[in-house]
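Structural overview
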Amino acid sequence: MSAWHSLELRVYWTKLKSMLKTLSLDRQMMENLIIAKARQDALQRKVEERRLRLQEAANRRFAASGAMTAEDQEQRALYTNVLEYEQDHDWPKQWKANIKENPDASIVLGLVSYLLSCSDHPVVQLLRKHQYRVYNRLYPIVSRSHLESASLSLNSSHRTQKFLHSEMKRKAHRSADMNIDDQRFISPNSSLPLSHCYELNTNCDIEEEEEEEESQVETTVDRENSFEDLETFLSHLDWVPPDDLDTDPEQACDPLIQSDIEEMEARVLKEQLKAIVKDIHIAIDQLLSLCLLSFECLNTASYRDLCLASIEEAFFTPLWSALMALFRKVHREREQAFETSMRIYCNSSPGDIGVPSKLFPNDPELLQGSYPYKAAVQELKLLVQDSCPQRKLECIVRTLRLICAYAENYRCHNESDSTPKTAAIGADDLLPILSFVALRCQCPQLVAECAALEEFIHEGYLIGEEGYCLTSMQTALVYVESLHSGITNLPPSI
Amino acid sequence: MAATGGGKTYSFKVVLLGEGCVGKTSLVLRYCENKFNDKHITTLQASFLTKKLNITGRRVNLAIWDTAGQERFHALGPIYYRDSNGAVLVYDITDMDSFQKVKNWVKELRKMLGNDICLCIVGKILLLQTRFSGGAIVVVYSYAESVGAKHYHTSAKLNKGIEEMFLDLCKRMMETAQAEERLKGNGASQSASSRRGVQIVDDEPQATPTGGCCSSG
């Protein structure tokens, strides 16, 4: 009996023990939770404190520059992010030490390319933010023009035309604000012609900065898709000349109003282009200064240039085709003129374009079925393939150098019998040859490309050889455009 | 304009203007080759040349931009002049038509760049004994003075007057740059956001009255 009792007791005891154990475990867990919560709070506080501290550091850093503008505030907020990033990551310190130890252009380039590969660094986040902003402005303009040309080719724009027609009559003629609410027009008053699906918060208040970043991360996936989107439709984008409008007999649109519409549209497009170009300059300036703030060691004349080149390359590469679509739309008339000349003069010889006969081989056998200056033409054709202004500019410089080298060669060959003269190729010879090369290049897009380079090439380059080459290229292009338009522009026959 | 201040190197852009065949090329080649041999000829040969100088202890980098003299390339002349600190305008003293062209360019340059640009008018002599009438000289010199330009006679063949002419031009460009620095107060660094303004000149036909010029040969 006692045995039975003791057994029961033991069972009871075990139960009690296990219950106690559970209870103690629960209590422990509770305690742990409380500790964890406290720790988390402490950590949170620490993070907050650190943020405040860094904010102060950023404030101190900017204290020298008197009054605070919105721009300064934004910069300060960004710099706070940079300091925060550097507390969490070691690599910036290591690179800084590296550069201090062994200052060298290749290390600087290494640093900048590493920096641009760190998608969580504030510089890169700012880069993306600006790219999306520019892209969001470009997308509706270029995609609209694509839709437009598609509808034109289907001859279904009649309704739109009619609508526009009545709209034009109803609205005050040439109203200053141009608030015609049609797909073709975007009011210049709305600073951001946002597309239906991609809205971007342009508010840059410090408080909102974090939220904005979060929302940006969320939409990143979408936007990346839209980059692809853009590329696919750009590849389909083929230039449809607007003469389709005139050839449709049903569209008995008053030619006067028609030209008014076109004129107005061109003006709006130009304004939009101007605004986008300005935004891009501001964006690049801001990126460069944040980059230099993050890595003060880069703030020397030559390193700054390297830094700028890398930033520009990263900035422009995904955007260039969309930008080019807008530039081509704005320079459509010039491109058409170029194309007309190209068709008329595609088989002309250098002499027809005014190149002195001593500067190209007169003996066709010497060319072996090719044409003079072919190497330069081939070089120039590569220009459209690059997507960064600096590289395009280098391509133009290479083209001109090739021209000079070939001209020298041809002349030596032509003058082999007489005493060799020392006079080298000057602008008087260079421009006709360059015009010939541009004609043979058969690429009307060059017009828009050079116009874009003119906008985006850094001023520092424009005084030197690069600037000279770009200026000469543009002069040659304008000359080619004018070639078809009349006998007055024809070179004197030699 | 393109000059950098504060004891550093000056960078000047000089455009070279003149009708075809007045020999701009040989003039500038002579200048850039003379002292420093072929190294200073860039791969663009005589169209774009650079020269480094040291004037009163200040380093000066010259970028010399040749322009096409042919009429058909003139439409875009202004984009060559943009941001120039100086211009060398060359004419042939035996060809007063080429002097008339110089006058047109002067007008265009002043219209576009105002008094910021320093001008040199250069009468090119082929041979030293080339004769020209005294009346022509008076007209040419008084014209140069009236537009605030210096006039020189040079001969590339005899290497005469070229060095002097460029030296004087550089000094004047330095003065202009220094005056501009003082005006800016030297302290205010140019903000990167201040983009260059592209000036647009109406390309109306340059019909200048030819009266008063010694066009009768």
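An unreviewed UniProt entry lists chain B under the name Ras-related protein Rab-21, with Gouania willdenowi given as the organism. Heading Sequence similarities (unreviewed entry) of the UniProt record for chain B holds this comment: "Belongs to the small GTPase superfamily. Rab family."

By the naming in an unreviewed UniProt entry, chain A is VPS9 domain-containing protein, taken from Gouania willdenowi.

A closer look at the overall build of chain A
Broken down by element type, chain A carries 19 helices and 0 strands. Burial statistics for chain A: of 494 residues in total, 46% are counted as buried. Taking all contacts inside chain A whose residues are at least 6 apart in sequence as the whole, residues at least 24 apart take part in 78%. With an accessible surface of roughly 26,100 Å², chain A has 54% of that area assigned to carbon and sulfur atoms.

Re the nonpolar core
Residues A:Tyr373 and B:Ile121 are the most contacted members of the largest nonpolar core, which totals 82 residues. Broken down by element, the residue count for this core peaks at 10 residues, all from helix H16 (residues 427-441) of chain A. Not counting the four nearest positions on each side in its chain, A:Tyr373 is found in contact with A:Leu359, A:Phe360, A:Ile403, A:Tyr406, A:Ala407, A:Tyr410, A:Ile433, A:Phe436 and A:Val437.

Focus on the sheet that holds strand E6 (residues 149-154) of chain B
The strand order across the open sheet built from 6 strands is E2-E3-E1-E4-E5-E6 (chain B), with neighbouring strands paired in mixed fashion. Both edges of this open sheet fall to strand E2 (48-55) and E6 of chain B, since each of them pairs with a single strand only. The average angle at which neighbouring strand axes cross in this sheet is 25 degrees, direction not considered. Where strand E4 (residues 86-92) of chain B lies against strand E5 (residues 118-124) of chain B, 7 bridges are found, and the strand directions are parallel. Its bridge partner lying in E5(B), B:Tyr91 is registered against B:Gly123. Contacts from helix H19 (residues 465-483) of chain A reach E2 and strand E3 (58-66) of chain B, with the element oriented near 20 degrees to E3(B).

Considerations on the interface of chain B and chain A
Every contact between the two is made by 33 residues of chain B and, on the other side, 39 residues of chain A. Interface area, chain B with chain A, both sides summed: about 2,900 Å², of which 59% is carbon and sulfur. Joining chain B to chain A, the criterion identifies 2 salt bridges. For the salt bridge of B:Lys24 with A:Asp428, the shortest nitrogen-to-oxygen distance reads 3.2 Å. Mapped by element, the contributors of at least two residues to the side of chain B that touches chain A are strand E1 (10-18), helix H1 (24-34), E3 and helix H2 (77-81) of chain B. Residues of the side of chain B that touches chain A, tallied by class, amount to 15 nonpolar, 11 polar and 7 charged.

Quick notes on the side chain of B:Thr67
One can find B:Thr67 in the loop between E3 and H2. Of note is the side chain of B:Thr67, whose polar atom sits 2.7 Å from the backbone oxygen of B:Leu16.

Examining the pattern of salt bridges
Evaluation of the coordinates by the stated rule reveals 22 salt bridges over all chains. One salt bridge in this structure joins A:Arg328 and A:Glu335, with 2.9 Å as the shortest N-O distance. A relative accessible area of 4% places A:Glu335 in the buried class. Across the pair B:Glu19 and B:Lys101 runs a salt bridge whose closest N-O atoms are separated by 3.1 Å. With B:Glu19 in the loop between E1 and H1 and B:Lys101 in helix H3 (residues 96-113), this pair connects stretches of sequence that are 82 residues apart.

Some points on the pairing of E2(B)
All names here are of chain B. Of the strand pairs in this sheet, E2 and E3 are connected by 8 bridges, and their pairing is antiparallel. Residue pairing in the sheet places Asn-54 in a bridge with Arg-59 of E3. In this antiparallel pair of consecutive strands, E2 and E3, the connection spans 2 residues, and Thr-56 shows a positive phi of 40 degrees.

Considerations on the packing of aromatic side chains
The full count for this structure, using the stated rule, is 22 aromatic pairs over all chains. Ring geometry for A:Phe316 and A:Phe456: centres 4.9 Å apart, planes at 55 degrees, overall tilted. One end of the pair, A:Phe316, is in helix H10 (residues 301-316); the other, A:Phe456, is in helix H17 (residues 445-456), and 140 residues separate them in sequence. A:Phe456 shares its class with A:Phe316; the two are buried. Looking at A:Lys96, its charged tip hangs above the ring of A:Phe295, at a distance of 5.5 Å from the centre. Between the NZ or CZ atom of B:Lys13 and the centre of the ring of B:Trp65, over which it lies, the distance is 3.7 Å.

Quick notes on the packing of helix H15 (residues 389-414) of chain A against H17(A)
Residues and elements named next belong to chain A. It is at 10 Å that the axes of H15 and H17 come closest, and there the two elements cross at 120 degrees. With respect to their mutual orientation, H15 and H17 come out oblique. Seen along the crossing, H15 lies across H17 with a hand that is left-handed. Across the interface between the two elements, Pro-389, Lys-392, Leu-393 and Ile-396 from H15 touch Glu-449, Cys-450, Leu-453 and Phe-456 from H17. Class assignment for the residues of the contact of H15 with H17 results in 6 nonpolar, no polar and 2 charged.

Digging into the confidence of the model for chain B
Residue and element names in this part refer to chain B. This prediction gives chain B a mean pLDDT of 76; 72% of its residues lie at or above 70. Residue range residues 1-5 is modelled with pLDDT below 50. Its contacts to residues more than four positions away, or to other chains, number 16 contacts. In the model output, the complex is listed with pTM 0.71 alongside ipTM 0.80.

Section: unusual backbone geometry
Residues and elements named next belong to chain B. Residues other than glycine seldom take positive phi values, yet Gln-45 does so here, at roughly 55 degrees. Inspection of the secondary structure puts Gln-45 in the loop between H1 and E2. The backbone of Asp-83 sits at a positive phi, close to 65 degrees, despite the residue not being glycine. Positionally, Asp-83 belongs in the loop between H2 and E4.

Describing a nonpolar patch on the surface
Among the surface-exposed residues, A:Trp4, A:Leu7 and A:Val11 lie close enough to one another that they form a single nonpolar patch of about 310 Å² accessible area. Position of A:Val11 relative to the elements: it lies in helix H1 (residues 2-63).

Re the packing of H15(A) against H16(A)
All names here are of chain A. Where H15 contacts H16, the two axes come as close as 11 Å, and the packing angle between them is 115 degrees. For the pair H15 and H16, the sense of crossing is right-handed. Together, Thr-399, Leu-400, Ile-403, Cys-404 and Ala-407 of H15 and Leu-430, Ile-433, Leu-434 and Val-437 of H16 make up the contact between the two elements. Considering only residue class, the contact of H15 with H16 consists of 8 nonpolar, 1 polar and no charged.

Conventions used here
- Counting restarts for each chain: residues are numbered from 1 in the order of the written sequence.
- Written order determines the labels here, with chains lettered from A and ligands numbered from 1.
- Reporting of local features is limited, given that this is a predicted model, to residues whose pLDDT is at least 70; pairs of side-chain atoms are given and counted only at 80 or more, and all residues count toward the totals for whole chains, interfaces and linings.
- Side-chain descriptors were evaluated using all non-hydrogen atoms of the structure, hydrogens and water having been removed beforehand.
- UniProt positions are given in the numbering used here, feature names are shortened, and annotations may be inferred rather than shown by experiment.
- Helix and strand definitions follow DSSP, with helices as H or I runs of at least four residues and strands as E runs of at least two, each counted in order from the N terminus.
- Buried residues are those whose accessible area, probed at 1.4 Å on protein chains only, stays under 20% of the maximum for their type, while exposed residues exceed 50% and partly exposed ones sit between those limits.
- By definition in these notes, contact holds between two residues if any of their heavy atoms fall within 4.5 Å.
- Per-residue accessibility takes into account occlusion by the displayed protein chains alone, with areas from the Shrake-Rupley method and a 1.4 Å probe.
- Take the buried residues of types Ala, Val, Leu, Ile, Met, Phe, Trp, Tyr and Cys, join any two whose side-chain atoms come within 4.5 Å, and each joined set is a nonpolar core.
- For two strands to pair, DSSP has to find at least two bridges joining them.
- Between N-to-C directions, angles cover 0 to 180 degrees, with each direction set by a line fitted to C-alpha atoms, over the stretch in contact for helices.
- Once two parts are put together, the accessible area they lose, assessed with a 1.4 Å probe and summed over both, is termed the buried area.
- A pairing counts as a salt bridge when a side-chain nitrogen of Lys or Arg comes within 4 Å of a carboxyl oxygen of Asp or Glu.
- Only Asp, Glu, Lys and Arg are considered charged in this grouping, and only Ala, Val, Leu, Ile, Met, Phe, Trp, Tyr, Cys and Pro are considered nonpolar; every other residue, Gly among them, is considered polar.
- Here a polar contact is taken to be a pair of N or O atoms separated by no more than 3.5 Å, where protein atoms must pair a possible hydrogen donor with a possible acceptor and residues adjacent in sequence count only if both atoms sit in side chains.
- We call Phe, Tyr and Trp rings a pair once their centres come within 6.5 Å, taking the six-membered ring for Trp, and we label the pair stacked below 30 degrees between planes, edge-to-face above 60, and tilted otherwise.
- By definition here, charges over rings are those cases where NZ of Lys or CZ of Arg is within 6 Å of the ring centre and within 35 degrees of the ring normal.
- Roughly parallel means an angle under 35 degrees; roughly antiparallel, over 145; roughly perpendicular, 65 to 115; everything else is oblique.
- By convention, the crossing between two helices is left-handed when the near helix turns anticlockwise from the far helix through less than a right angle, and right-handed when the turn is clockwise.
- pLDDT gives the predictor's per-residue confidence on a scale running from 0 to 100.
- A residue counts toward a patch only above 30% relative accessible area and without a salt bridge, and it is joined to like-charged neighbours within 9 Å or, for Val, Leu, Ile, Met, Phe, Trp and Tyr, to nonpolar neighbours within 5 Å.

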